[in-house]
Amino acid sequence: MDAIVKPWPKNAGANATGNTTATQLSDHVRAAPRPVHPRPSREEAEAAVRTLIAYAGDDPKREGVLETPKRVVDAYGELYKGYTECPADVLDRTFSEIGTYDDLVLVRDITFNSHCEHHMMPFYGRAHVAYMPVDRVVGLSKLARLVDVYARRLQTQEHLTSQVATAIEEILKPRGVAVLIEAEHMCMSMRGVEKPGAATITTQFRGVFRDDPNEQVRFITMVRGGQR
Ligand SMILES: [Zn+2]
């Protein structure tokens with residue numbers, strides 16, 4: 001695409017001089033969450049894993065699990081990477097040269113892995129994200145990255161869905177945003193009611209998708225239709 005790339009002026013709303021604050025962003029959109037202070041050390045985190053291994057009934061000094069605390073803490077760096085990432089930064093480069101295109105842009109089947117904040121057990125599935133651009137569009141891969149930023153934190157599926165919608169709404173200012181997420185929760189499959197295969201579906205509709213039922217139907221039809 002022959003386009004003009006514009007960095008998004010995300011600091012405009014937080015101007016210390018009190019100048020123009022045209023855009024107010026939600027806290028979860030504007031910045032990565034602040035870590036608790038003092039942040040536990042790596043040694044403390046590994047000790048906590050040893051405690052959980054012992055609590056489960058195993059011996060943390062057994063050879064097979066000796067290195068497990070180190071591996072678990074390493075894995076946390078990836079699984080919870082979203083705590084170090086800022087959604088506004090992910091969406092900060094937009095393309096303003098969109099010609100006459102003003103219809104729905106849908107990225108379907110964005111796979112994601114997350115962890116429920118109630119049990120710290122995985123939930124995973126697919127997100128479908130659509131918006132109706134006005135003036136500017138964002139690189140399609142950025143929508144997938146945005147889902148990952150929020151997914152790689154402790155989450156509920158409901159919050160994940162609304163946070164993705166809010167970030168797109170506040171930064172791109174489109175005519176509408178639609179997000180549908182379908183996921184399986186391991187805390188329902190492996191424990192509790194033990195219902196593997198149960199799908200949880202959540203949606204958020206903003207702008208024209210909220211106000212016009214026909215647009216909702218069109219979104220759902222495009223999500224459900226076509227080849228899989
Ligand atoms: Zn859970």
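Calculation criteria
- The residue numbers shown here count from 1 along each chain, following its written sequence.
- Only residues with pLDDT of at least 70 get local features here, since the model is predicted, and only at 80 or more are side-chain atom pairs given and counted; chain-wide, interface and lining totals rely on the full set of residues.
- Water and hydrogen atoms play no part in the side-chain values, which are based on all heavy atoms of the structure.
- The rule for donors is simple: an N, O or S atom within 2.8 Å of the metal counts, and for Na, K and Ca the reach is 3.2 Å. Water is not among the atoms, so a site may look short of donors.
- For every residue, the accessible area (1.4 Å probe, protein chains only) is compared with the maximum for its type, and the residue is labelled buried under 20%, exposed over 50%, or partly exposed between those bounds.
- Definition used for salt bridges: Asp or Glu carboxyl oxygen within 4 Å of a side-chain nitrogen of Lys or Arg.
- Helix numbers and strand numbers start at the N terminus; a helix is a DSSP run of H or I with at least 4 residues, a strand a run of E with at least 2.
- Simply put, an axis is a line fit to the C-alpha atoms, just over the touching stretch for a helix, and the angle between two N-to-C directions goes from 0 to 180 degrees.
- Each angle receives one of four descriptions, namely roughly parallel if under 35 degrees, roughly antiparallel if over 145, roughly perpendicular if within 65 to 115, and oblique otherwise.
- For any pair of crossing helices, the crossing counts as left-handed if the nearer helix is rotated counterclockwise from the farther one by less than a right angle, and right-handed if it is rotated clockwise.
- Every residue pair with non-hydrogen atoms within 4.5 Å of one another is taken to be in contact.
- Each residue gets one of three labels, nonpolar for Ala, Val, Leu, Ile, Met, Phe, Trp, Tyr, Cys and Pro, charged for Asp, Glu, Lys and Arg, and polar for the others, Gly among them.
- As a per-residue measure, pLDDT reflects the predictor's confidence and takes values from 0 up to 100.
- Residues qualify for a patch when their relative accessible area is over 30% and they have no salt bridge, like charges being joined within 9 Å and the nonpolar side chains of Val, Leu, Ile, Met, Phe, Trp and Tyr within 5 Å.
- Computed with the Shrake-Rupley method and a 1.4 Å probe, the accessible areas treat only the protein chains shown as cover for residues.
- Two N or O atoms count as a polar contact when they lie within 3.5 Å, although within protein this holds only if one can serve as hydrogen donor and the other as acceptor, and sequence-adjacent residues are included solely when both atoms are side-chain atoms.
- Pairing between two strands is assigned when DSSP locates at least 2 bridges connecting them.

### Some words on the coordination of the zinc ion
Octahedral metal centres with six donors ideally show angles of 90 or 180 degrees, and tetrahedral centres with four donors ideally show 109.5 degrees.
Here's step 1: The coordination sphere of the zinc ion contains the protein donors Cys 116 (SG), His 119 (ND1) and Cys 187 (SG), at a distance range of 2.2 to 2.3 Å.
Here's step 2: The class for Cys 116 is buried, based on a relative accessible area of 5%.
Here's step 3: In this structure His 119 comes out as partly exposed when scored by relative accessible area, which is 36%.

### Topic: the pattern of salt bridges
Here's step 1: This structure, assessed with the given rule, holds 14 salt bridges.
Here's step 2: Between Glu 182 and Arg 126 there is a salt bridge, and its shortest N-O distance comes to 3.7 Å. Residue Glu 182 is located in strand S7 (residues 176-185), and its partner Arg 126 is located in strand S4 (residues 122-132); the two are separated by 56 residues in the primary sequence.
Here's step 3: Overlapping salt bridges, with partners in common, bring together Arg 108, Asp 109, Arg 126, Glu 182 and Arg 224 in one network.

### Considerations on the packing of helix H5 (residues 140-151) against helix H6 (residues 157-172)
Relative placement of two packed helices is described by the angle separating their axes and the distance separating the axes.
Here's step 1: Where H5 meets H6, the axes come as close as 10 Å, and the angle between the chain directions of the two elements is 135°. By the angle between their axes, H5 is oblique relative to H6. Seen from above, H5 lies across H6 with right-handed handedness. For the pair formed by H5 and H6, the contact residues are Leu 143, Leu 146, Val 147, Tyr 150 and Ala 151 on the first element and Leu 160, Gln 163, Val 164, Ala 167 and Ile 168 on the second.
Here's step 2: Of the residues belonging to the contact of H5 with H6, the class tally is nine nonpolar, one polar and no charged.

### Some words on the confidence of the model for the chain
Here's step 1: In this model, the chain carries a mean pLDDT of 89, and residues with pLDDT of at least 70 account for 88%.
Here's step 2: This model gives residues 11-22 a pLDDT under 50, and the stretch forms five contacts once residues within four places in sequence are excluded.

### A look at a nonpolar patch on the surface
Here's step 1: On the surface, Tyr 76, Leu 79 and Met 120 cluster together to form a nonpolar patch covering roughly 260 Å² of accessible area.
Here's step 2: Mapped onto the fold, Tyr 76 is located in helix H3 (residues 68-79).

### Focus: the side chain of His 128
Here's step 1: Along the chain, His 128 turns up in strand S4.
Here's step 2: Within the structure, His 128 has its side chain in polar contact with the side chain of Glu 182 (distance 2.7 Å).

### Concerning unusual backbone geometry
Here's step 1: Omega for the bond connecting His 37 with Pro 38 falls within 30 degrees of zero, at -5°, which places this linkage in the cis form.
Here's step 2: The backbone of Lys 173 sits at a positive phi, close to 50°, despite the residue not being glycine.
Here's step 3: Within the secondary structure, Lys 173 is located in the loop between H6 and S7.
Here's step 4: Although it is not a glycine, Glu 194 sits at a positive phi angle of roughly 50°.
Here's step 5: When you line up the elements, Glu 194 lands in the loop between helix H7 (186-189) and strand S8 (200-207).

### With respect to the sheet that holds strand S6 (residues 154-155)
Here's step 1: Pairing in this open sheet of five strands is mixed, and the strands run S6-S3-S4-S7-S8 from one edge to the other. Edge positions in the sheet fall to S6 and S8, since each has one partner strand and no second.
Here's step 2: Here strand S3 (residues 105-116) runs beside S4; their pairing, made up of nine bridges, is antiparallel. Residue Val 105 lies in a different strand from S4, and its bridge partner there is Tyr 131.

### Some details on the pairing of S4
Residues in a regular strand project their side chains so that they alternate between the two faces of the sheet.
Here's step 1: When you tally the buried positions in S4, you get eight out of eleven residues, the bulk of the element.
Here's step 2: Linking S3 to S4, which pair antiparallel, is a turn of five residues; within it Met 120 sits at a positive phi near 55°.
Here's step 3: Looking at chain direction, S4 and S7 are connected through ten bridges and run antiparallel. Counterpart to Val 129 in the pairing with S7 is Val 179.

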